[in-house]
Number of protein chains: 2
Amino acid sequence: MSETAAMLEANAAYVADFSEGNKPMPPARGVAAVVCMDARIHPSEMLGLTLGDAHVIRNAGGRVSDDAIRSLIISSTLLGTKEFIVVHHTDCGMVTFSNDDLRSILAERRGSDASDIDFLPFGDLAQSVRDDIATIRACEHLDQSIPVRGFIYDVDTGALHEVN
Amino acid sequence: MSETAAMLEANAAYVADFSEGNKPMPPARGVAAVVCMDARIHPSEMLGLTLGDAHVIRNAGGRVSDDAIRSLIISSTLLGTKEFIVVHHTDCGMVTFSNDDLRSILAERRGSDASDIDFLPFGDLAQSVRDDIATIRACEHLDQSIPVRGFIYDVDTGALHEVN
């Protein structure tokens, strides 16, 4: 059985126990979190979220990419979120390669030219959080009264550590 | 107390019970899922994921944006994922506005010009899933032997329904 098929079986069990019913579309706690896609992070457990509490935006690195900005604009402008969180983490894959590394692998394996893609790797974990907060702060489409806090999640302990 | 501060208190409780220790960086079940950021979706519960199982990429709409493609390339090329899932959902905010609607709101509230941003709204839920699968299928940087399945999540019942 494929893993997708196994996940659909798990979903059937989830449905059997599902008692939430529908909830309002705007997040109940008015928070939008940008978090790395890493498999060792379950944002709902990490942050103590109940279904319906917060928007969770995830990508490779938890970077405030143009697409994360798109999502934050929709989240805050149309669905009323009033606090933003950025979460990167220890042992992140994004510090293990450069754009040139990944482009070379793609050229070799796929014969493709990814020279136009910035994969947004980084060297310094705390600085990457600061850079992403600065990207939010520089966005004219976002309400700059919205507080933004940034954290590094420790995959060994489950703890969030704030980046100042 | 801010909601962020309340989430940090929840994180302290999470840490107290955290017994996973670190796990390998590559997702144990080799799956990458693209899912909407909607607050009413907890992907780990919806799919029966244990910490470390799968990459979860999330944005407004669960769209296969350029940034989701960036994340899928990293996920599959560097971290070995071998199955992709795309999940949109019922009662999605992305069907409630047009690019022009949101641009007008931003011009009025912020005085900003978002004419260069495609917010990726859509009209037809099933078609948006098909379009996003097609975007993955058209990407020369992704291994086209990777299976991709698309679903609509029902926020009233918790169920995933496949889009064919």
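In case you missed it, the structure is sitting above this.
Bear in mind that the values here come from a model prediction, so they are computed numbers and not experimental data.

*Asks:* How do you make sense of the overall build of chain A when you look at a structure like this?
*Replies:* Of the regular secondary structure elements, chain A holds five helices and five strands. When the helices and strands of chain A are placed in sequence order, the string is α-β-α-β-α-β-α-α-β-β. In terms of its C-alpha atoms, chain A occupies a principal-axis envelope of roughly 50 × 50 × 30 Å. Looking at chain A as a whole, 58% of its 164 residues qualify as buried. For chain A, long-range pairs separated by at least 24 residues make up 64% of all intrachain contacts whose partners lie at least 6 apart in sequence. When the accessible surface of chain A is totalled, it reaches about 6300 Å², and 48% of it is carbon and sulfur.

*Asks:* Explanation requested: the interface of chain A and chain B in the structure shown.
*Replies:* Often, the extent of an interface is quoted as the loss of accessible area upon association of its parts. Taken residue by residue, the interface counts 85 residues in chain A and 86 residues in chain B. Carbon and sulfur atoms supply 61% of the area that chain A and chain B bury against each other, a total of about 7400 Å² over both sides. Of all residues in chain A, Met 7, Met 37 and Arg 70 of chain A bury the most surface against chain B, accounting for 10% of the area lost on that side. For the interface between chain A and chain B, the tally reads two salt bridges. A salt bridge links Arg 29 of chain B to Glu 3 of chain A, with the nearest nitrogen and oxygen atoms 2.6 Å apart. At the surface where chain A touches chain B, the tally comes to 37 residue pairs in polar contact (both at pLDDT 80 or more). Elements with a minimum of two residues in the side of chain A that touches chain B: α1 (3-17), α2 (43-47), β2 (54-59), α3 (66-79), β3 (83-89), α4 (99-110) and β4 (148-153) of chain A. Looking at the side of chain A that touches chain B, the element that brings in the most residues is α1 of chain A, giving ten residues.

*Asks:* Is there a simple way to think about the pairing of strand β4 (residues 148-153) of chain B in this case?
*Replies:* Within a regular strand, side chains alternate between the sheet's two faces. Residues and elements named next belong to chain B. Of all six residues making up β4, five are buried, and the element is well covered by its neighbours. Across six bridges, strand β3 (residues 83-89) lies against β4 in parallel orientation. Each residue of the ladder has a partner; that of His 88, found in β4, is Ile 152. As judged from the four bridges shared by β4 and strand β5 (residues 160-163), these two strands associate in the antiparallel manner. Within β5, the residue paired with Phe 151 across the bridge is Glu 162. Between β4 and β5, which pair antiparallel and follow one another directly, the connecting turn spans six residues, one of which, Gly 158, has a positive phi of 85°.

*Asks:* Help me out: how do you make sense of the relation of the copies chain A and chain B in this one?
*Replies:* A rotation about some axis, followed by a shift along it, carries one copy of the chain onto the other. When chain A is fitted to chain B, the best match, at an RMSD of 0.0 Å, comes from turning it 180° and sliding it 0.0 Å along the axis. Interpreted geometrically, this transformation is the action of a two-fold axis. Residue Arg 58 of chain A of chain A places its C-alpha closer to the rotation axis than any other residue of that unit, at 2.3 Å. Of the interface residues in chain A, 100% have counterparts in chain B that sit at the interface too, so the contact is made through matching surfaces.

*Asks:* Honestly, the nonpolar core in this entry has me stumped. Any pointers?
*Replies:* Counting 105 residues, the largest nonpolar core has Met 46, Phe 119 and Tyr 153 of chain A together with Met 46, Phe 119 and Tyr 153 of chain B as its most contacted members. Discounting residues that sit within four places of it in the chain, Met 46 of chain A has contacts with Val 35, Ile 41, Val 87, Tyr 153 and Leu 160 of chain A together with Met 7, Asn 11 and Tyr 14 of chain B.

*Asks:* Explain the pattern of salt bridges to me, please; I cannot follow it from the model alone.
*Replies:* Summed over the entire model, instances satisfying the criterion amount to 18 salt bridges over all chains. Measuring nitrogen to oxygen at the nearest pair gives 2.8 Å for the salt bridge that ties Arg 40 of chain A to Asp 38 of chain A. For the salt bridge of Asp 132 of chain B with Arg 63 of chain B, the shortest nitrogen-to-oxygen distance reads 2.9 Å. Separated by 69 residues along the polypeptide, Asp 132 of chain B in helix α5 (residues 125-137) and Arg 63 of chain B in the loop between β2 (54-59) and α3 (66-79) bring together distant segments of the chain.

Conventions we followed
Residues numbered from 1 in each chain as written. Chains lettered and ligands numbered in written order. Predicted model: local features only at pLDDT ≥ 70, side-chain atom pairs only at ≥ 80, totals over all residues. Heavy atoms only, no water. Helix = DSSP H or I, 4+ residues; strand = E, 2+ residues; numbered from the N terminus. Buried < 20%, exposed > 50% of the residue type's maximum accessible area, 1.4 Å probe, protein only. Contact = heavy atoms within 4.5 Å. Areas by Shrake-Rupley, 256 points an atom, 1.4 Å probe, with all protein chains shown as cover. Buried area = accessible area lost by both parts, 1.4 Å probe. Salt bridge = Lys/Arg side-chain N within 4 Å of Asp/Glu carboxyl O. Polar contact = N/O pair within 3.5 Å; in protein donor to acceptor, adjacent residues only side chain to side chain. Pairing = 2+ DSSP bridges. Least-squares fit on C-alpha atoms with pLDDT ≥ 70 in both. Core = buried A, V, L, I, M, F, W, Y, C linked by side-chain atoms within 4.5 Å.

This is a description of form; function is not addressed.
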